[in-house]
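Architecture and fold: a report
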Amino acid sequence: MAGYLFLSPAILFYLVFLLFPVGLSVYISFTNWNMLAPLERARWVGFSNYTYLLTRDDMFIASLKNTLVYALGTVFIGMAIALGVALLINNVRGSALWRFLIFAPVVTPAIAVGRIWGGIYHPSQGYLNQLLRAVGLPPQQWLSSAELALPSIMATAIWAGVGATVIVFIAGLRNIPAQYYEAARIDGARPWHEFWHITLPLLRPTVLFLSVTGLISAWQVFDLVYSMALGGTESGTTPARAVMVVALYLYTTAFRSLRAGRATAGALILFVIIFGLTLILLRVLRRGGLEAYE
Amino acid sequence: MSSRDAGPAASRRRPPWLAVVGTLRFVVTLAVAAAMFLPFFWMFSSSLMTYQESIRVPPVWWPEVPQWHHYLEVLRDPRVPLGLYFKNSVIVSSAVTLLVLVTSSMAGYALTKLDFPGRDAIFRLFLATMMFPAFLFLVPVYYILKRMPLMGGNDILGLGGTGALQSHLALILPFAVSAWGIFLMRQFMMSVPDELVDAARIDGASELSIWSRIMLPLTRPALATIAIFTFIGQWNYLLWPLIVTTSAQHLATVPVGIRMMATAYSTALNAGKLQAATVMAIVPTIVLFLTMQRHYIRGFALTGFK
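Residues numbered from 1 in each chain as written. Chains lettered and ligands numbered in written order. Predicted model: local features only at pLDDT ≥ 70, side-chain atom pairs only at ≥ 80, totals over all residues. Heavy atoms only, no water.

To be explicit about the condition: UniProt positions are given in the numbering used here, feature names are shortened, and annotations may be inferred rather than shown by experiment.
As named in an unreviewed UniProt entry, chain B is Carbohydrate ABC transporter permease, taken from Geochorda subterranea. Among the UniProt annotations of chain B, the heading Subcellular location (unreviewed entry) holds the following wording: "Cell membrane".

Looking at an unreviewed UniProt entry, one finds chain A named Sugar ABC transporter permease and attributed to Geochorda subterranea. UniProt annotates chain A under Sequence similarities (unreviewed entry) with the comment "Belongs to the binding-protein-dependent transport system permease family."

What follows is the structure, encoded as structure tokens:
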């Protein structure tokens, strides 16, 4: 009995703000509710929100593609850079300063990170183009061209998130027993061999863990794209199709266009994608013989 | 790597390529450090520049005469109430942190030291929700808050008024439970010996006092990690406050405030003031991180991600 009492606060909030809303989401996704009229009066439209999104809504399809590119790019390029930085600063002097430098962007609100980099990317006043001009190269439309906008945002996302990944890699590196390196060195191994045959294989659980958690959160990216690209899409300087990610699409659909039914259907599609992705990754991990992920 | 070279190999002559690798490593380290640091430096230095300096080619790194008055002008500007943003952020982040600590540690205690049917199933259900994207909740939670009975002019059926939407509760209640917090507390409480709890029970202690007098003090490191992690996470959270404050601007938190400041200072001539406002908005999180970084970094090492 005491067990239920101790769990009751958690369960209460959990039911009201997690489980019930998920059920309500499914219901809303079958209606044409506009958030203003009472939900009870919203018309039941069956699967039409889903079929519209998946077959006729170019912007939603574009947002799925952009989010896929964003997720794969930021997670895997970010991990490669983070591994390099982790190897660089593991065992290095002055690690407190290092931790601060790479972690400052992680604790900075993403909307502020977006502001900082929005300034750096600014076509006329931004440092990046001023530097390009100073060395005689043509300035670029970093955030408003169809080709560069998404990669520019991804570069910022990698800059902002690399510190967190580095910390996890350093934790993984410290778990590798020193004897392995000692034994390899007696056998005459060079640093490159050590990395390839000891460090990388033994870091595999860390890499896989970072892939799963990284991809799940990258599919939901909102703050950075909102702060760096929404202004451009609204003023027409950035083609919306180039930067629209799923979360931004759902936000504008629900809370600006007030199409709650359609947005909720989109959220459920997003859930299915993330869920499927996680299942696939978990299966790959188990095949890799990693009991830790059972 | 260099510290490990003190083995038998070190007694031999160092091969020359090792010096090249060492130099290369130093250069790369310096480049990474610059890449992490320069954007912040640029934000700060451009907050002190005149408009003319901020657009000069080649770029100016440091203003001739720092325009410190940008900071004072932002603080005095009624269009960007920084004090209000801070107050809202402190209220919301503290309340969420406190609630998460209470719900997580109580649930952690029940899930490890108390026996009842369905215990493991409930835990697995909590864990499963970590995979739900936030967007699944936004629309229905907005609706639920609006229909809160007897709040914001609502009647007993939750009709007629604005519900909880016009108060801080709208920003606090949906985040009172954290699956991650419950998971972490359960992990920590499993390492507390059952004998300790049983001995206290035999001495006649109630479950509530075992939880508060034995478990809470013993799990203080975990509580600190959850607290700092939750606080900074809430402080930086944009999406939900953005939605709620569209109809309740007096609830704007710091991230929403940064967004509003961009509108207030949208003309190029105000670039310096906008940068000054952004600097002031991010200093508290950085300071908080600096003082609590041990706990914060452990949160990352334990879970990998926000």
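Structure shown, so let's carry the discussion forward.
Quick word on unusual backbone geometry
Residue and element names in this part refer to chain A. Rules: Think of it this way: any DSSP run of H or I at least four residues long counts as a helix, any run of E at least two long counts as a strand, and we number them from the N terminus. Burial classification: accessible surface area is computed with a 1.4 Å probe over protein chains only, and a residue below 20% of its type maximum counts as buried, one above 50% as exposed, and the rest as partly exposed.
Residue Met35 is not a glycine yet carries a positive backbone phi of 75°. With respect to the helices and strands, Met35 occurs in the loop between α1 (2–29) and α2 (48–56). We classify Met35 as buried; its relative accessible area is 7%. Despite not being glycine, Leu258 has its phi angle at roughly 60°, a positive value. Looking at where Leu258 falls in the secondary structure, it is placed in the loop between α13 (246–255) and α14 (260–287). In this structure Leu258 comes out as partly exposed when scored by relative accessible area, which is 28%.

With respect to helix α11 (residues 223–235) of chain A
Residue and element names in this part refer to chain A. How we decide: Helix span, as expected, comes to 1.5 Å for every residue beyond the first. Bending is quantified residue by residue as the angle between axes fitted to the seven-residue window ending at that residue and the seven-residue window starting at it.
Counted at 1.5 Å a residue, the expected span for α11 with its 13 residues is 18 Å, and the 19 Å between its end C-alpha atoms agrees. Taken as a whole, α11 carries its principal kink of about 45° at Ala229. The buried fraction of α11 amounts to 10 of the 13 residues, a majority that puts the element mostly inside the structure. Considered for burial, the residues of α11 that qualify are Asp223, Leu224, Val225, Tyr226, Ser227, Met228, Ala229, Leu230, Gly232 and Thr233. At the exit of α11 stands Gly236, carrying a positive phi of roughly 85°.

Focus on the UniProt feature "transmembrane region" (unreviewed entry) in chain A
All names here are of chain A. As annotated by UniProt and renumbered to match this structure, "transmembrane region" (unreviewed entry) occupies residues 12–30, 68–89, 96–117, 148–174, 195–219 and 265–285. Within residues 68–89, the helical portion is 100% and the strand portion 0%, while the C-alpha atoms at the span's ends are 31 Å from each other. Secondary structure content for residues 96–117 is 91% helix and 0% strand, while the C-alpha to C-alpha distance between its ends is 25 Å.

Here we look at α2 of chain A
Residue and element names in this part refer to chain A. Here is the rule: As used here, the arc is the angular range of directions from the helix axis to the C-beta atoms.
Among the residues of α2, those classed as buried are Asn49, Tyr50 and Leu53. Across the axial projection of α2, the buried residues extend over an arc of 100°, all falling on one side. Pointing more than 90 degrees away from the buried face of α2 are the exposed residues Thr55 and Arg56.

Side note on a nonpolar patch on the surface
What counts, and what does not: In this analysis, a patch consists of residues with relative accessible area above 30% that form no salt bridge, clustered at 9 Å for like charges and at 5 Å for the nonpolar side chains Val, Leu, Ile, Met, Phe, Trp and Tyr. Where accessible areas are quoted, they stem from the Shrake-Rupley method and a 1.4 Å probe; at the residue level, only the protein chains shown are allowed to cover. One speaks of a salt bridge when a side-chain nitrogen belonging to Lys or Arg is within 4 Å of a carboxyl oxygen belonging to Asp or Glu.
The grouping of Leu131 of chain A together with Phe37, Leu38, Trp61 and Trp62 of chain B at the surface amounts to a nonpolar patch, some 480 Å² of accessible area in total. Mapped onto the secondary structure, Leu38 of chain B falls in helix α1 (residues 16–46).

Notes on the UniProt feature "domain: ABC transmembrane type-1" (unreviewed entry) in chain B
When the UniProt feature table is mapped onto this chain numbering, "domain: ABC transmembrane type-1" (unreviewed entry) sits at residues 86–292 of chain B. A distance of 19 Å separates the end C-alpha atoms of residues 86–292 of chain B, which is 69% helix and 0% strand.

A short note on the packing of aromatic side chains
Filter applied, for reference: Ring geometry is summarised as follows: Phe, Tyr and Trp rings, the Trp one being its six-membered ring, pair when their centres sit within 6.5 Å, and such pairs are stacked at plane angles under 30 degrees, edge-to-face over 60 and tilted between the two.
For the coordinates displayed, the defined rule picks out 44 aromatic pairs over all chains. For the ring pair Trp192 of chain A and Trp196 of chain A, a centre distance of 5.7 Å and an interplane angle of 15° mean the geometry is stacked. Pair noted here: Trp192 of chain A and Trp196 of chain A are both in helix α9 (residues 191–202), with a separation of 4 residues, about one helical turn. Ring centres 5.9 Å apart and planes at 80° place the aromatic pair Phe289 of chain B and Tyr296 of chain B in the edge-to-face group. The residues Phe289 of chain B and Tyr296 of chain B share a single accessibility class, namely buried.

Regarding the side chain of Thr156 of chain A
Residues and elements named next belong to chain A. For the record, the criterion: We call two residues in contact when some of their heavy atoms are within 4.5 Å.
With respect to the secondary-structure elements, Thr156 resides in helix α7 (residues 149–174). Looking at Thr156, the relative accessible area reads 0%, which means it is buried. With near-sequence residues (within four places) excluded, Thr156 lies in contact with Val113, Trp117, Tyr121, Leu224 and Met228.

Focus: the UniProt feature "transmembrane region" (unreviewed entry) in chain B
Those places that UniProt annotates as "transmembrane region" (unreviewed entry) correspond, in this numbering, to residues 20–44, 90–111, 123–145, 165–185, 222–243 and 274–292 of chain B. Between the C-alpha atoms that bound residues 20–44 of chain B the distance is 36 Å, and the span itself is 100% helix and 0% strand.

What to know about the packing of helix α3 (residues 58–89) of chain A against α7 of chain A
Each pair of packed helices can be described by the angle between their axes along with the distance between the axes. Residue and element names in this part refer to chain A. Put simply, the rule reads: In this description, a line fitted to the C-alpha atoms serves as the axis of each element, helices being fitted only across the stretch in contact, and the angle between N-to-C directions of two axes falls anywhere from 0 to 180 degrees. Small angles under 35 degrees read as roughly parallel and large ones over 145 as roughly antiparallel, with 65 to 115 read as roughly perpendicular and the rest as oblique. Left-handed describes a crossing whose near helix is turned anticlockwise from the far helix through less than a right angle; right-handed describes the clockwise counterpart. When residue character is reported, Ala, Val, Leu, Ile, Met, Phe, Trp, Tyr, Cys and Pro are called nonpolar, Asp, Glu, Lys and Arg charged, and the others, Gly included, polar.
In contact at an axis separation of 6 Å, α3 and α7 are set at 45° when each is read in the N-to-C sense. One way to sum up the angle between α3 and α7 is to call them oblique. Considering how the two elements wind past one another, α3 and α7 form a crossing that is right-handed. Split into classes, the residues belonging to the contact of α3 with α7 amount to 21 nonpolar, 5 polar and no charged.

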